[in-house]
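Below, each chain spelled out in residue letters.
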Amino acid sequence: MSNPDPSKMKQDCPEKNECLKMLQVILDGEATPEQKEHFLKNHLEECMPCYKNYHLEVAIRQLLKTKCCQDAPQELVDDIKTKVINNLAS
Amino acid sequence: MELEENSPKQNYTEAEKQTIFHGEFMPHINSMYNFAYRLTLDADDAKDLLQDTYLKAYRFIESFQKGTNAKAWLFRILKNSFINDYRKKSKEPSKVDYQEVESYYNSEEVDRQITPDLRVEALKDMIGDEISNALNALDVDFRTVIILCDLEGFKYEEMAKILDIPIGTVRSRLHRARNLLKEKLSEYAKQMGYKTA
């Protein structure tokens, strides 16, 4: 996506909520190529509220990924492996 | 995906079972632990839930078809174990009637109220536990869809199978969940001194 000129953009979007839903479907990788093309090329670059929403959605996803994933304690992983191996032996 | 249901039973040798367990199940253990922890919100319960799930997965390994999605299969077992064994005794407030919650959040009324004007700059300053706390504060059904989609990258169709709900419900529940998450994040942003218009 290129950098649109804010002064030429709409400051209000009558379909803001529907657009947000579409935006999420696109970011979830569930939109058709046509939906994607139409929304990203025709709408996003001329609509300020949706443009902002896009960046917000992306930022939240990044934050979730960096802050909300914890690895399993190694002890627990070893424990599970041992239990299954014992199970196999029995 | 089915466990104890009418999926065709496979016939694996002990060696094959081992290969599947170590090669296809164990690689997902960190994601599975994170899911268990985010569901129970308790490190000890998460350990028990993870262990139960992996032992169950091993016990029912012949219901798993090689080459199918092991991660989704495991997540579904974990989610069912959580509902059956942990949700009752967990510290969650008494089980919310999900229908009620969902119809409330699906009303247009709420859509108009929840338009948090959260800014990317505010998110950049959330370097502590804000997002984690915001996620944990969501009702477990909303928390779950965010974990499956945004943390684990499951497709809607996979989520529908893991959760036993229609795809349309996955989509709408996700939308609500994200609105609620943004609402929580806006509260933090406000506390951090960001003005929300």
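Structure: see above.
Residues numbered from 1 in each chain as written. Chains lettered and ligands numbered in written order. Predicted model: local features only at pLDDT ≥ 70, side-chain atom pairs only at ≥ 80, totals over all residues. Heavy atoms only, no water.

A. Seen up close, the overall build of chain A. When you go through chain A residue by residue, the secondary structure sums to four helices and zero strands. Starting at the N terminus, the α and β elements of chain A follow one another as α-α-α-α. Put simply, of all contacts in chain A between residues at least 6 apart along the chain, 75% involve residues at least 24 apart. A total of about 5400 Å² of accessible surface is found on chain A, and carbon and sulfur atoms cover 49% of it. (Helix = DSSP H or I, 4+ residues; strand = E, 2+ residues; numbered from the N terminus. Contact = heavy atoms within 4.5 Å. Areas by Shrake-Rupley, 256 points an atom, 1.4 Å probe, with all protein chains shown as cover.)

B. Region of the structure containing a negative patch on the surface. Residue and element names in this part refer to chain B. Together, Asp 44, Asp 48, Asp 52 and Asp 85 make up a negatively charged patch on the protein surface. Structurally, the position occupied by Asp 44 is in helix α3 (residues 43-59). For Asp 44, a relative accessible area of 51% puts it in the exposed group. (Patch = residues over 30% accessible without salt bridge, like charges linked within 9 Å, V, L, I, M, F, W, Y side chains within 5 Å. Salt bridge = Lys/Arg side-chain N within 4 Å of Asp/Glu carboxyl O. Lys, Arg positive; Asp, Glu negative; His and termini not counted. Charge placed at Lys NZ, Arg CZ, Asp CG, Glu CD. Buried < 20%, exposed > 50% of the residue type's maximum accessible area, 1.4 Å probe, protein only.)

C. Quick peek at the interface of chain B and chain A. Counting residues at the interface gives 43 residues for chain B and 33 residues for chain A. Both sides of the chain B and chain A interface together cover about 3600 Å² of buried area, and 65% of this is carbon and sulfur. Between Arg 178 of chain B and Asp 28 of chain A there is a salt bridge, and its shortest N-O distance comes to 2.9 Å. The tally of links from chain B across to chain A stands at 14 residue pairs in polar contact (both at pLDDT 80 or more). Contributing elements (two or more residues each) for the side of chain B that touches chain A: α1 (14-25), α2 (29-40), α3, α7 (120-124), α8 (130-137), α9 (140-151) and α11 (167-191) of chain B. (Buried area = accessible area lost by both parts, 1.4 Å probe. Polar contact = N/O pair within 3.5 Å; in protein donor to acceptor, adjacent residues only side chain to side chain.)

D. Region of the structure containing the side chain of Arg 61 of chain A. On the secondary structure map, Arg 61 of chain A appears in helix α3 (residues 48-67). Given a relative accessible area of 13%, Arg 61 of chain A falls into the buried group. Beyond its immediate chain neighbours, meaning those up to four positions away, Arg 61 of chain A contacts Gln 24, Leu 27 and Asp 28 of chain A together with Asp 150 and Arg 178 of chain B.

E. Quick look at the packing of aromatic side chains. Residues and elements named next belong to chain B. Applying the stated criterion to the full structure yields nine aromatic pairs over all chains. Ring geometry for Phe 25 against Trp 73: centres 5.3 Å apart, planes inclined by 25°, an arrangement best described as stacked. With a gap of 48 residues between them, Phe 25 in helix α1 and Trp 73 in helix α4 (residues 70-86) connect regions that are remote in the sequence. Here the aromatic rings of Phe 75 and Phe 154 are separated by 5.1 Å at their centres, their planes lie at 70°, and the arrangement is edge-to-face. Of the two residues, Phe 75 is situated in helix α4 and Phe 154 in the loop between α9 and α10 (156-163); the sequence distance between them amounts to 79 residues. Just as Phe 75 is buried, Phe 154 falls in that class too. Members of the aromatic cluster, connected to one another through ring pairs, are Phe 21, Phe 25, Tyr 54, Tyr 58, Phe 64 and Trp 73. (Phe/Tyr/Trp six-rings, centres within 6.5 Å; stacked < 30°, edge-to-face > 60°.)

F. Highlighting α10 of chain B. Where α10 of chain B is concerned, the buried positions are Tyr 156, Met 159, Ala 160, Ile 162 and Leu 163 of chain B. The arc enclosing the buried residues of α10 of chain B, seen along the axis, measures out at 165°, which places them on a common side. Along its buried surface, α10 of chain B packs onto α1 (16-27) of chain A together with α4, α9 and α11 of chain B. Directly after α10 of chain B, the chain includes Asp 164 of chain B, whose backbone phi takes a positive value near 55°. (Arc of directions from axis to C-beta.)

G. Here's a closer look at the pattern of salt bridges. One pass over the structure, following the stated rule, counts 16 salt bridges over all chains. In this structure, the salt-bridge partner of Arg 61 of chain A is Asp 28 of chain A, at a minimum N-O distance of 2.7 Å. With Arg 61 of chain A in helix α3 and Asp 28 of chain A in the loop between α1 and α2 (33-43), this residue pair connects regions lying 33 residues apart in the sequence. Classification of Asp 28 of chain A by relative accessible area gives buried; the value is 7%. The salt bridge partner of Asp 150 of chain B is Arg 61 of chain A, with a shortest N-O separation of 3.7 Å. Within this pair, whereas Asp 150 of chain B is found in helix α9, its partner Arg 61 of chain A is found in helix α3, the two belonging to separate chains. Looking at Asp 150 of chain B, the relative accessible area reads 6%, which means it is buried.

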